[in-house]
Amino acid sequence: MSEPAIRVRGLRTKLGGQEIHKDLDLEVRKGEILGVVGGSGTGKSVLMRTILGLIRPREGTIEVLGKKVDPIDRETMISLERRWGVLFQDGALFSSLTVSENVQVPMREHLDLPAALAEEFATLKIKLAGLKAEDGHKYPSELSGGMRKRAALARALALDPDIVFLDEPTAGLDPVGAAQFDDLLQGLCRSLGFTVFLITHDLDTLYAVTDRIAVLADKKVLVTAPIAELERHPHPWIHEYFHGPRGRAAKGSAMIDATS
Amino acid sequence: MAAKTQVSVTEEGETARVSLAGAWTVAAAADLDSQLRRLRLLKARRATFDLSGIEHLDTAGAWLIRQAAKTLTDGGVTVALAGADQRASALLETVAGVDQSADTPVKAPATVIELLERLGFATAFAVRESRSYLGFLGLTLETAARIALRPHRFRFTSFAFHLEAVGLNALPIVGLISFLIGVVMAYQGATQLRQFGAEIFVVDLVAISVLREIGILLTAIVVAGRSGSAFTAQIGTMKLREEVDAMRALGLDPVEVLVLPRLAALVVAMPILCFFSDLMGLIGGAMMAWIDLDISPETFVRRVQANTSIKHFWVGMVKAPVFAAMIGLVGCYQGLKVKGDAGSVGRLTTRSVVQSIFLVIVVDAVFSIFLSLIDV
């Protein structure tokens with residue numbers, strides 16, 4: 001098997017005197033959609049930020065695409081930043097820029113593109129993310145929540161990344177919008193061939209798009225496995241997660257989708 | 001990467017073969033674009049794009065290929081794509097799928113029209129804002145009247161808290177600034193008046209200007225900057241977190257709960273602050289007069305008592321509650337206008353300070369004219 005897209009070994013992070021992760025290991029394979037789940041406060045977002053080099057771990061190593069993540073090493077970080085795209089929880093679009101300008105930010109920062117071409121590529125990405133070309137001229141405050149998520153996805157895809165990090169992309173969306181986002185993500189992942197690190201609470205999303213799921217609990221990744229295996233896992237939290245009323249409902253609808 | 005030729009063309013009569021090679025990614029897009037532009041010069045009627053030499057293709061590369069093919073097709077050339085592997089064709093298809101809907105470019109209006117448009121917006125905004133202020137003033141007065149009839153509904157705890165925040169805590173900064181301005185005025189006055197041998201009039205200069213204008217203006221400006229802005233930021237943050245809506249839903253009146261205690265605290269605190277500011281301004285002036293002109297504090301006090309009428313003090317003081325009410329109203333009104341994102345809190349806080357200082361100066365000028373007309 002080829003080398004993993006992300007490899008985390010023996011990670012320990014502490015924030016504000018509180019230990020968040022301890023001896024955390026994680027591997028994300030190339031081309032897969034990995035779901036990351038865990039109770040509130042188990043450090044899913046912290047894990048993502050640590051992998052992105054925004055938080056420095058106390059111990060452990062993180063390798064992304066074969067390169068060691070080290071916030072001090074600017075050169076490696078810049079080369080990595082060109083190869084990943086991030087969608088933060090609330091979109092984190094720059095409010096003073098239009099959607100199109102937002103998408104162009106990474107292009108202007110990392111590449112030397114003529115303005116007209118950058119504009120065209122931005123429009124392409126905006127359309128790929130399921131928005132209309134006209135939406136590119138709007139400011140983030142003029143967009144609905146679902147459109148903001150799509151715009152943020154367009155920005156994450158600006159440089160055709162190898163890895164896309166998504167922090168709760170469907171949180172706050174209505175079920176229809178969330179399902180559309182799932183379809184969009186899966187379609188793009190298939191045609192563009194990127195790896196996805198997906199933090200979510202949305203069981204429907206987990207059933208619909210993920211190849212494997214990593215469960216965060218007790219400060220580490222308890223298990224990484226396809227959803228069918230996790231359903232049989234004996235750990236009480238995991239059992240409760242997939243067999244609680246919401247888990248059963250999501251599974252039911254996923255099976256209906258599969259048969260229809 | 002830039003120098004490498006990634007587009008090579010072989011023409012055989014009517015048919016051209018366009019071979020694409022290397023990395024077709026966004027990083028090389030500028031170069032690829034200019035290379036593809038040369039294809040417009042093709043004379044052939046049929047063109048085949050050979051993609052088999054492409055090592056790496058992303059959406060940008062796929063878009064460029066599609067765009068080039070489209071330009072040729074529009075020029076009457078039959079275009080075929082060949083040699084694309086499975087991934088490449090999937091990408092080309094994805095890009096083609098979204099590319100059909102044409103972009104409608106937004107036309108920027110001419111500069112003059114834009115200027116007029118802005119002027120119109122600003123005028124309409126000013127008119128609307130003035131009307132809303134009147135409305136808000138009416139709402140506040142109505143609520144105040146209602147509270148006056150049922151005083152037990154007045155929020156004394158909140159009032160006391162804000163009295164401390166806008167009154168007591170503002171004393172040091174108001175005092176310091178007034179003291180320093182007193183010093184500056186005495187010093188500047190001394191330099192000028194010494195030329196006429198009229199040094200003693202420094203006392204009158206400092207006393208009249210501090211009591212009539214400087215004391216209250218400084219107080220009002222400091223209060224607008226530190227308390228008016230605080231009102232906007234506090235209420236604005238609550239508005240943003242839907243606390244104000246929650247209040248309404250629970251049957252609490254935001255004007256009664258948020259606006260009135262703040263306004264009352266400011267109206268009570270401002271005259272006290274103004275009095276303190278007058279005092280510190282006079283002390284500053286007296287000190288400078290003593291150091292620079294050898295006018296002893298005793299002489300200073302006696303001269304003030306003899307030559308400066310008490311009416312000057314009242315002219316300054318009477319403005320204090322008026323300015324307080326204006327600053328409080330502007331601060332609370334702008335706070336309640338916050339909506340949408342966190343950026344609007346910052347924007348409206350700035351506006352609150354600018355508007356209240358502007359209003360204070362305008363009303364001060366009105367006071368000045370009015371009081372001189374009635375000979376005070």
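**Q** Hey, could you run me through the sheet that holds strand β2 (residues 18-28) of chain A in this one?
**A** Strand pairing in a sheet relies on backbone hydrogen bonds. The paired strands run either parallel or antiparallel. All names here are of chain A. The sheet built from 4 strands is open, its strands ordered β2-β1-β4-β5 with antiparallel pairing. The open sheet has two edge strands with one neighbour each: β2 and β5 (67-68). Across the sheet, helix α1 (residues 44-51) is in contact with β1 (6-15), β2 and β4 (59-64); its angle to β1 comes to roughly 115 degrees.

**Q** Teacher, can you tell me more about the pairing of strand β3 (residues 33-38) of chain A here?
**A** Side-chain positions along a regular strand alternate between the two faces of the sheet. Residue and element names in this part refer to chain A. Of all 6 residues that make up β3, 6 are buried, and the element is covered over most of its length. Taking every second residue as pointing to the same face, both faces of β3 are buried, with I33, G35 and V37 on one and L34, V36 and G38 on the other. Bridge analysis of β3 against strand β9 (residues 212-217) gives 5 bridges, and the strand direction is parallel. The residue bridging G35 from the neighbouring strand is I213, located in β9.

**Q** In this structure, what is going on with the sheet that holds strand β1 (residues 7-12) of chain B? I would like to understand it.
**A** Residues and elements named next belong to chain B. Within the open sheet, the 4 strands sit side by side as β1-β2-β3-β4. Their pairing is mixed. With one partner strand each, in any of the chains shown, β1 and β4 (78-82) form the two edges of the open sheet. Here the average twist between neighbouring strands, direction ignored, is 20 degrees. Where β1 meets strand β2 (residues 15-24), 6 bridges bridge the pair, whose relative direction is antiparallel. Following the sheet pairing, T10 is matched in β2 by R17.

**Q** It is not clear to me how the interface of chain B and chain A should be interpreted in this structure. Could you clarify?
**A** Size of an interface: often given as the accessible area lost when the parts come together. On the side of chain A, 20 residues touch chain B, which itself brings 23 residues to the contact. For the side of chain B that touches chain A, the secondary structure elements donating two or more residues are α1 (29-37), α2 (59-74) and α3 (86-99) of chain B. Residue contributions to the side of chain B that touches chain A peak at 6 residues, all from α3(B). Considering only residue class, the side of chain B that touches chain A consists of 11 nonpolar, 7 polar and 5 charged.

**Q** Explanation requested: helix α5 (residues 145-156) of chain A in the structure shown.
**A** Every α-helix winds through 3.6 residues per turn, so residues three or four apart in the chain are directed the same way. Residues and elements named next belong to chain A. Taking 1.5 Å per residue, 12 residues should reach 16 Å; α5 reaches 16 Å between its end C-alpha atoms and fits that length. Burial within α5 is extensive, with 10 of its 12 residues counted as buried. Those residues of α5 that fall on the buried side of the exposure criterion are M147, R148, K149, R150, A151, A152, L153, A154, R155 and A156. Against the buried residues of α5 lie β6 (84-87), α3 (99-110), α4 (115-128), β7 (163-167) and α6 (175-192).

Quick notes on the rules
- Residues numbered from 1 in each chain as written.
- Chains lettered and ligands numbered in written order.
- Predicted model: local features only at pLDDT ≥ 70, side-chain atom pairs only at ≥ 80, totals over all residues.
- Pairing = 2+ DSSP bridges.
- Helix = DSSP H or I, 4+ residues; strand = E, 2+ residues; numbered from the N terminus.
- Contact = placed C-beta atoms within 7 Å.
- Axes fitted to C-alpha atoms, helices over the stretch in contact; angles between N-to-C directions.
- Buried ≥ 20, exposed ≤ 12 C-beta atoms within 10 Å, placed from the backbone.
- Nonpolar A, V, L, I, M, F, W, Y, C, P; charged D, E, K, R; others polar.
- Expected span 1.5 Å × (residues − 1).

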